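The lines below spell out each chain.
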Amino acid sequence: MAGHPMTGRPSGALSGSVRLPGDKSISHRALMFGALAVGETTIDGLLEGEDVLRTAAAMRALGAEIERDAKGCWRVWGRGIGALAEPDDVLDMGNSGTGARLLLGILASHPLTAVLTGDASLRRRPMARVTEPLSTSGAVFIAREGGRLPLTVIGARDPLPLDYRLPVPSAQVKSAVLLAGLNAPGETRVVEREATRDHSERMLRHFGADIVIREIDDEGHRAQEILLTGQPELTGRHVQVPADPSSAAFPLVAALLLPGSEVRLKAVGMNPQRSGLITTLQEMGGDITIENAREEGGEPIADLVVRGSRLKGVAVPAGRAPSMIDEYPILAMAAAAAEGRTVMHGLGELRVKESDRLAAVARGLALCGVEVTEQPETLTVTGCGGRPPGGNNQAIATELDHRIAMSFLVLGLAAERPVLIDDMTPVATSFPDFAGLMRGLGAEIAEP
Ligand code: S3P
């Protein structure tokens, strides 16, 4: 078997209090905005996962000075908007769609030529969703068939502001357009009909950009308009990175599924565009208490106390998808143990993540003896109302997808039989110490 196999074994109650690693979305942005600002940016709680380290390397290759002082504590000396230098080699963004797409936004409005590539997963993912709007700024992209990486970007010498309505709810596309607009004179405008995570907007404001967000009527639809004034002077700031709610999702679901568990997750990001999983699990009957809600560095955070619960199936509306887009694989594991049917609607975007997550989850659950139906944009899981059967010694294919790997290991903790995954290595992209942290809570995760 290629890769690094790992097993999640039936476990007893989990207990303990933990701080999860830093938010991946916010970590990428802190490095990028720091590199575009003038002066020193200090970052506390940066996620030191492979995806974010690729972004740090890319921003260095573009001329920013970036140093690590201690675990999670980083300093960036930016070059200022429009002042990044041409990289003298290919920028390899690894597994990271966020890193690649946001960086394309930055490069589009710099007068330089750069080549981007990534791993086999990233090279399969659609980039036209960003290169199309970014082309209107005057940038030129030469990509593989289907707009895929590796691709070359020739940034605009005199970038134009952009005006774009998102055809799919995507924070990455929205952020790429805003980042390109930073170096264009005049106003850049993005319209989104479905709200997506707003970390870029919050951080732009934090670094001193002039950004206005308002509700509008967009041809009969309620929408949000984001207006960014181009060529602001961004100044270096301090960024406090909250714990990643998408990483918290794994111990959270594990604690719900294992009777008698009580786990405290500290300082978890509670941005409303990220907290759809908590809403859904509470609707399923999950005992999740939100304590000590506060704001830190422009982002809402809170401590979560999670206790073992009997869950029941629910229908998850399509409109909730943007606020829990990365959490469907782990929700599907909770659904497998819940009583009754869980129907998840509006999942088209899951097909273009690190893997086709709809297909990967459906295949893996079927292998673990769970009743599951996959439709083009819908996943239906019929839960066992207790421990699902679990693995049969055939490894779950993780397909270079960290969230598929972690989700099935959690299923193994709560199943009758262990669940084996074929490759643990992708977990390092977002949650390098996943196995250690879960073991610390009492989870049995081990080499086969
Ligand atoms: C992200 C946005 C989401 C999410 C990804 C991180 C971001 O992707 O799935 O893990 O940091 O902006 P889309 O915006 O493409 O849906």
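Keep in mind it's a predicted model, so treat the numbers as computed, not measured.

Helix and strand counts for the protein chain come out as 12 helices and 23 strands. Taking 448 residues into account, the globule formula puts the C-alpha radius of gyration at 22 Å, and the protein chain, at 21 Å, falls close to it. Projected onto its principal axes, the C-alpha coordinates of the protein chain cover approximately 60 × 50 × 45 Å. In the protein chain, which comprises 448 residues, the share counted as buried stands at 59%. Of the roughly 15,900 Å² of accessible surface on the protein chain, 48% is carried by carbon and sulfur atoms. Looking at charge distribution, the protein chain has the averaged site of its 45 positive side-chain charges lying 3 Å from that of its 56 negative ones.

Another point: the nonpolar core. Membership of the largest hydrophobic core comes to 77 residues, with the highest contact counts inside it found for Leu265, Leu281, Met344, Leu365, Phe408 and Phe434. Once residues within four sequence positions are removed from consideration, leucine 265 is found in contact with Val18, Leu20, Ala248, Pro251, Leu252, Ala302, Asp303, Leu304 and Val306.

With that out of the way, let us pick up the site of the ligand. In the region of the ligand, the neighbouring residues are Ser25, Arg29, Thr98, Pro169, Ser170, Ala171, Gln172, Arg197, Ile325, Asp326 and Lys353. In this structure, serine 170 approaches the ligand through a side-chain N or O atom, which is 3.1 Å from an oxygen atom. One nitrogen or oxygen atom from the main chain of glutamine 172 is found 2.9 Å from an oxygen atom belonging to the ligand. Every element with two or more residues in the shell around the ligand is listed here: helix 1 (24–36) and helix 5 (171–181). Counted by class, the shell around the ligand contains three nonpolar, four polar and four charged residues. When residues of the shell around the ligand are assigned to domains, at least three fall in each of domain 1 (6–19 + 242–446) and domain 2 (24–240).

With domains assigned, the protein chain is organised as domain 1 (6–19 + 242–446) and domain 2 (24–240). Using C-alpha coordinates to define each centre, domain 1 is positioned 29 Å away from domain 2. Contact with domain 1, which involves 24 residues of that partner, is made by 25 residues of domain 2. Taken together, the two surfaces of domain 1 and domain 2 that pack against each other cover about 2,300 Å², and 47% of this comes from carbon and sulfur.

Moving on: a nonpolar patch on the surface. Judged by side-chain polarity, Val140, Ile142 and Ile154 come together as a nonpolar surface patch covering roughly 240 Å² of accessible area. Looking at the element boundaries, isoleucine 154 is found in strand 9 (residues 148–154). Residue isoleucine 154 is classed as partly exposed on the basis of its relative accessible area, which comes to 35%.

With that settled, the discussion passes to the sheet that holds strand 18 (residues 315–316). Sheet architecture is open: four strands sit in the order 18-19-21-20, paired in mixed fashion. Looking at which strands have only one partner, the edges of the open sheet turn out to be strand 18 and strand 20 (371–374). Strand direction decides the pairing type here: strand 20 and strand 21 (residues 379–384), joined by four bridges, are antiparallel. Following the sheet pairing, glutamate 371 is matched in strand 21 by threonine 382. Relative to the sheet, helix 9 (residues 328–337) contacts strand 18, strand 19 (339–344) and strand 21, its axis offset from that of strand 21 by approximately 35°. Sitting on the sheet, helix 10 (residues 357–367) is in contact with strand 20 and strand 21, with an inclination near 155° to strand 20.

Quick look at helix 10 now. The element helix 10 is extensively covered by neighbouring structure, given that eight of its 11 residues are classed as buried. Among the residues of helix 10, those classed as buried are Arg357, Leu358, Ala359, Ala360, Val361, Ala362, Gly364 and Leu365. On its buried side, helix 10 packs onto helix 9, strand 20, strand 21 and helix 11 (402–413). Two to three positions downstream of the cap, the backbone nitrogen of leucine 358 sits 3.3 Å from a side-chain oxygen, assigning the N-cap of helix 10 to aspartate 356. Just beyond helix 10, the residue with positive phi is glycine 369, at close to 80°.

So, about the sheet that holds strand 13 (residues 221–229). Reading across from one edge, 10-11-13-12 is the order of the four strands in this open sheet, with mixed pairing throughout. Single-partner strands in this sheet number two, and they are strand 10 (163–165) and strand 12 (211–218). Averaged over all neighbouring strand pairs, the angle between strand axes comes to 20°, with direction disregarded. The sheet contact formed by strand 10 and strand 11 (residues 187–192) spans three bridges and is parallel. Opposite arginine 165, over in strand 11, you have valine 191 as the bridge partner. Relative to the sheet, helix 6 (residues 199–206) contacts strand 12 and strand 13, its axis offset from that of strand 12 by approximately 145°.

The rules behind the values
Residues numbered from 1 in each chain as written. Predicted model: local features only at pLDDT ≥ 70, side-chain atom pairs only at ≥ 80, totals over all residues. Heavy atoms only, no water. Helix = DSSP H or I, 4+ residues; strand = E, 2+ residues; numbered from the N terminus. Rg over C-alpha atoms; globule rule 2.2 N^0.38 Å. Buried < 20%, exposed > 50% of the residue type's maximum accessible area, 1.4 Å probe, protein only. Areas by Shrake-Rupley, 256 points an atom, 1.4 Å probe, with all protein chains shown as cover. Lys, Arg positive; Asp, Glu negative; His and termini not counted. Charge placed at Lys NZ, Arg CZ, Asp CG, Glu CD. Core = buried A, V, L, I, M, F, W, Y, C linked by side-chain atoms within 4.5 Å. Contact = heavy atoms within 4.5 Å. Near = heavy atom within 4 Å. Polar contact = N/O pair within 3.5 Å; in protein donor to acceptor, adjacent residues only side chain to side chain. Nonpolar A, V, L, I, M, F, W, Y, C, P; charged D, E, K, R; others polar. Domains from an automatic or database assignment. Buried area = accessible area lost by both parts, 1.4 Å probe. Patch = residues over 30% accessible without salt bridge, like charges linked within 9 Å, V, L, I, M, F, W, Y side chains within 5 Å. Salt bridge = Lys/Arg side-chain N within 4 Å of Asp/Glu carboxyl O. Pairing = 2+ DSSP bridges. Axes fitted to C-alpha atoms, helices over the stretch in contact; angles between N-to-C directions.

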